[in-house]
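# Survey of secondary and tertiary structure
Residue-level listing of the chains:
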Amino acid sequence: MSLTSAATEVTVAVEAARELERAVEKFGPMASPHEGWAVIREELDELWEHVKANTGRGPEARKEAIQVAAMALRYVFDLCEEAP
Ligand SMILES: [Mg+2]
């Protein structure tokens, strides 16, 4: 992995972490696996709309993809047991 691609990956991870922080401040923790699944699905559906519209590589699709990542992280932090 090059330094440039590593820096890009860190940047994307930081974006997802900021989105996670924003969502936790706004909505609090996920209350159940059903809620967590639904929230991830909602963000995934929003990304899908861009894919279907052939705008899946654009800036709005990127935002949705970051939100999918953030909500998956939120699921892990709020709902999952510690890793063995
Ligand atoms: Mg969204």
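Residues numbered from 1 in each chain as written. Predicted model: local features only at pLDDT ≥ 70, side-chain atom pairs only at ≥ 80, totals over all residues.

### Section: the overall build of the protein
In terms of helices and strands, the protein carries three helices and zero strands. Start at the N end of the protein and walk to the C end: the helices and strands fall as α-α-α. Residues counted as buried form 17% of the 84 residues belonging to the protein. Of the contacts formed within the protein by residues at least 6 apart in sequence, a portion of 70% connects residues at least 24 apart. (Helix = DSSP H or I, 4+ residues; strand = E, 2+ residues; numbered from the N terminus. Buried ≥ 20, exposed ≤ 12 C-beta atoms within 10 Å, placed from the backbone. Contact = placed C-beta atoms within 7 Å.)

### Remarks on helix 2 (residues 33-52)
Helix length check: helix 2, at 20 residues, gives a terminal C-alpha distance of 28 Å against a target of 28 Å (1.5 Å per residue), a fit within 8%. Here helix 2 has its buried residues at Gly36, Val39 and Glu43. Around the axis of helix 2, the buried residues are gathered within 75° of arc, so they sit on the same side. For helix 2, the exposed residues lying more than 90 degrees away from the buried face are Pro33, His34, Ala38, Asp45, Val51 and Lys52. The positive-phi residue at the C-terminal boundary of helix 2 is asparagine 54, with phi of around 60°. (Expected span 1.5 Å × (residues − 1). Arc of directions from axis to C-beta.)

### Considering the packing of helix 2 against helix 3 (residues 59-79)
At a minimum axis separation of 8 Å, helix 2 and helix 3 run at an interaxial angle of 170°. Comparing their axes, helix 3 and helix 2 come out roughly antiparallel. Side by side, helix 2 and helix 3 meet where Pro33, Gly36, Val39, Ile40, Glu43, Leu44, Glu46, Leu47 and His50 of the first sit next to Glu60, Ala61, Glu64, Ala65, Gln67, Val68, Met71, Ala72, Tyr75, Asp78 and Leu79 of the second. Partitioned by chemical class, the residues of the contact of helix 2 with helix 3 number 12 nonpolar, three polar and five charged. (Axes fitted to C-alpha atoms, helices over the stretch in contact; angles between N-to-C directions. Parallel < 35°, antiparallel > 145°, perpendicular 65-115°, else oblique. Nonpolar A, V, L, I, M, F, W, Y, C, P; charged D, E, K, R; others polar.)

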